[in-house]
Amino acid sequence: MVIGLSTMLEKTEALFASDHASVVSMNLFVALLCACIVLGHLLEETRWMNESITALIIGSCTGIVILLISGGKSSRILVFSEDLFFIYLLPPIIFNAGFQVKKKQFFRNFMTIMLFGAIGTLISFVIISFGAKHLFEKMNIGDLTIADYLAIGAIFSATDSVCTLQVLNQDETPLLYSLVFGEGVVNDATSVVLFNAIQRFDLTNINSAIALEFAGNFFYLFILSTALGVAAGLLSAFVIKKLYIGRHSTDREVALMMLLAYLSYMLAELFHLSSILTVFFCGIVMSHYTWHNVTDKSKVTTKHTFAAMSFLAEIFIFLYVGMDALDIEKWDVVRNSPGQSIGVSSILLGLILLGRAAFVFPLSFLSNLTKSSPDEKIDLKKQVTIWWAGLMRGAVSMALAYNQFTTSGHTKVLGNAIMITSTITVVLFSTVVFGLLTKPLVKHLQPSSKQSSTTALQITLRSSFHDPILHEPLLSTQGQSEYDPEQHVSFRMFWKSPSRAIHHYWRKFDNAVMRRIFGGRGVSPVVPGSPIENSVPQWSEEVENKEQNGEP
């Protein structure tokens with residue numbers, strides 16, 4: 001009896017000590033997040049730094065301090081969790097990207113984005129996979145299987161859309177931003193789908209049947225994931241429009257929007273689809289329909305809440321990556337072979353450079369063949385910027401590498417440890433070095449005039465309160481809209497400019513059917529007490545002008 005009581009007391013003391021250590025860790029991590037935000041504000045005007053690099057540096061410095069205090073035993077205050085990243089941190093980042101994107105620019109360049117994000121990622125995946133297999137086998141770094149080499153291709157094909165989005169400004173360089181941003185989202189989704197497919201299929205004996213099944217599964221996931229995101233967004237718009245919860249409680253309205261957005265992500269995870277694509281398209285649909293069905297207070301609240309959650313998730317990820325880079329366990333395994341680790345990292349960086357160049361320039365050439373307007377073509381300077389901006393690797397690569405080469409974040413196998421340390425090295429080097437050089441490179445290749453900067457500022461100020469989607473007038477030199485949705489679309493125009501023709505018919509269908517069912521700017525039926533009752537009437541002249549200017 002006494003022995004049992006003493007054992008229970010020991011377990012209770014250990015539990016309290018564990019809880020206290022967790023509280024201390026969380027306090028320290030929250031303090032570091034605050035430090036990242038303050039430093040990011042102080043470095044706002046610099047042309048070199050951004051929050052991602054700041055968080056990486058702070059995380060690395062903190063890791064060094066913890067390493068010294070612990071006597072070289074640990075550099076982390078939190079253990080890396082793949083679930084933490086994919087379930088809690090990634091959804092708000094991708095959703096906010098879809099919620100804030102300029103839809104007209106995104107869909108105008110949709111084919112080019114899909115060309116870069118899907119086909120380009122596959123090209124990069126093939127080059128990195130076969131390049132790694134050919135070169136690593138000569139280095140004798142361990143027993144890596146064909147599945148490992150293919151996983152390496154998927155891991156290092158994933159660009160860091162988080163860091164890239166902080167580099168470019170969608171008002172100063174709208175075409176570049178839409179291409180790099182859109183490619184980043186589709187690229188992440190493609191890489192994760194490829195990685196999951198590699199783990200699902202038996203690739204020891206590849207034949208034509210397995211290859212066809214692999215390709216079919218790939219496109220199946222893409223189409224179904226997109227459809228689920230659109231359906232979730234339309235459901236949220238319909239529910240909020242019909243119930244109009246905001247007349248009783250703004251809090252419930254905001255909470256419902258947030259939960260339905262997150263539900264779309266979790267449903268995709270439940271059905272083993274691409275949750276990145278699902279939540280991204282859910283964000284686009286919710287910004288087009290749902291957002292216009294809520295009260296003015298909810299509009300402001302949701303806009304800033306989604307942006308703040310995305311911002312904090314980004315900083316959290318890079319802070320942890322910087323701290324985890326110095327984890328002593330992984331480096332202990334490769335301590336006797338530092339040359340191999342450096343060699344593998346250098347080869348991977350070279351393959352990333354080559355793999356990206358192999359699709360950016362050729363696919364840009366193919367895309368330009370379909371563009372009639374010089375403004376829509378991707379010139380050489382833009383191609384170099386796109387190539388460079390996508391060289392950074394980040395948390396998606398880290399999470400996939402941990403999944404493939406560790407067990408619960410730990411490994412004692414030489415080959416696996418080398419791949420983990422090399423991934424960390426590539427992520428740190430590409431984010432810091434390429435990230436530091438991206439801003440001056442963009443300013444050199446894409447200098448912005450004072451007039452365009454002033455116009456961008458006016459657009460930003462006008463849209464910061466009224467609309468989560470930054471407006472995009474796209475006026476011609478005569479001051480008229482370059483596209484009139486009421487003009488007649490001939491077969492010749494459809495052949496010459498299919499994107500405009502599709503946009504024409506989509507606008508007609510959207511105005512006639514979709515907005516009447518799911519709501520939207522100026523076409524929702526008047527609900528007693530709703531913001532639409534006191535706002536502009538249906539099909540007002542203001543709405544027509546905004547439609548012609550490409551605004552949602």
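This is a predicted model, so every value here is computed, not measured.

### As for the overall build of the protein chain
Right, so step 1: Within the protein chain, the secondary structure is distributed over 21 helices and zero strands.
Right, so step 2: For the protein chain, the proportion of its 552 residues judged to be buried stands at 53%.
Right, so step 3: Intrachain contacts of the protein chain at a sequence separation of at least 6 include 80% that bridge at least 24 residues.

### Details of the packing of helix H3 (residues 82–100) against helix H10 (residues 250–270)
Right, so step 1: Where H3 meets H10, the closest approach of the two axes is 10 Å, and the angle between their N-to-C directions is 115°. In terms of crossing hand, the pair formed by H3 and H10 is right-handed. Residue-level contacts link Phe86, Ile87, Tyr88, Leu90, Pro91, Phe95 and Phe99 of H3 to Met257, Ala261, Tyr262, Tyr265, Met266 and Glu269 of H10.
Right, so step 2: Looking at the contact of H3 with H10 residue by residue, the classes come out as 12 nonpolar, no polar and one charged.

### Quick notes on the nonpolar core
Right, so step 1: Ranked by size, the top nonpolar core spans 119 residues in total, and within it Phe136, Ile152, Phe156 and Met419 carry the most contacts.
Right, so step 2: It is helix H8 (residues 174–200) that contributes the most residues to this core, 15 residues altogether.
Right, so step 3: For Ile152, the residues in contact, after removing those within four places along its chain, are Ile128, Ala132, Phe136, Leu144, Leu348, Phe405 and Met419.
Right, so step 4: The next biggest cluster of nonpolar side chains, apart from the first, holds six residues, and it includes Ala237, Tyr289, Met514 and Phe518.

### Quick word on the confidence of the model for the protein chain
Right, so step 1: This prediction gives the protein chain a mean pLDDT of 77; 75% of its residues lie at or above 70.
Right, so step 2: Here helix H18 (residues 450–466) stands out as the least confident element of the protein chain, with mean pLDDT 43; H10 is the most confident, with 92.
Right, so step 3: Of the regions scoring below 50 in pLDDT, residues 524–552 engages in 62 contacts with residues more than four places distant in sequence or in other chains.

### Some details on a nonpolar patch on the surface
Right, so step 1: On the surface, Phe238, Trp506, Phe509, Val513 and Ile517 cluster together to form a nonpolar patch covering roughly 410 Å² of accessible area.
Right, so step 2: When residues in the nonpolar patch are grouped by element, the largest group, four residues, is from helix H20 (residues 498–518).

Procedures and definitions
Residues numbered from 1 in each chain as written. Predicted model: local features only at pLDDT ≥ 70, side-chain atom pairs only at ≥ 80, totals over all residues. Heavy atoms only, no water. Helix = DSSP H or I, 4+ residues; strand = E, 2+ residues; numbered from the N terminus. Buried < 20%, exposed > 50% of the residue type's maximum accessible area, 1.4 Å probe, protein only. Contact = heavy atoms within 4.5 Å. Axes fitted to C-alpha atoms, helices over the stretch in contact; angles between N-to-C directions. Left-handed = near helix turned anticlockwise from the far one by under 90°. Nonpolar A, V, L, I, M, F, W, Y, C, P; charged D, E, K, R; others polar. Core = buried A, V, L, I, M, F, W, Y, C linked by side-chain atoms within 4.5 Å. pLDDT = per-residue confidence, 0-100. Patch = residues over 30% accessible without salt bridge, like charges linked within 9 Å, V, L, I, M, F, W, Y side chains within 5 Å. Areas by Shrake-Rupley, 256 points an atom, 1.4 Å probe, with all protein chains shown as cover. Salt bridge = Lys/Arg side-chain N within 4 Å of Asp/Glu carboxyl O.

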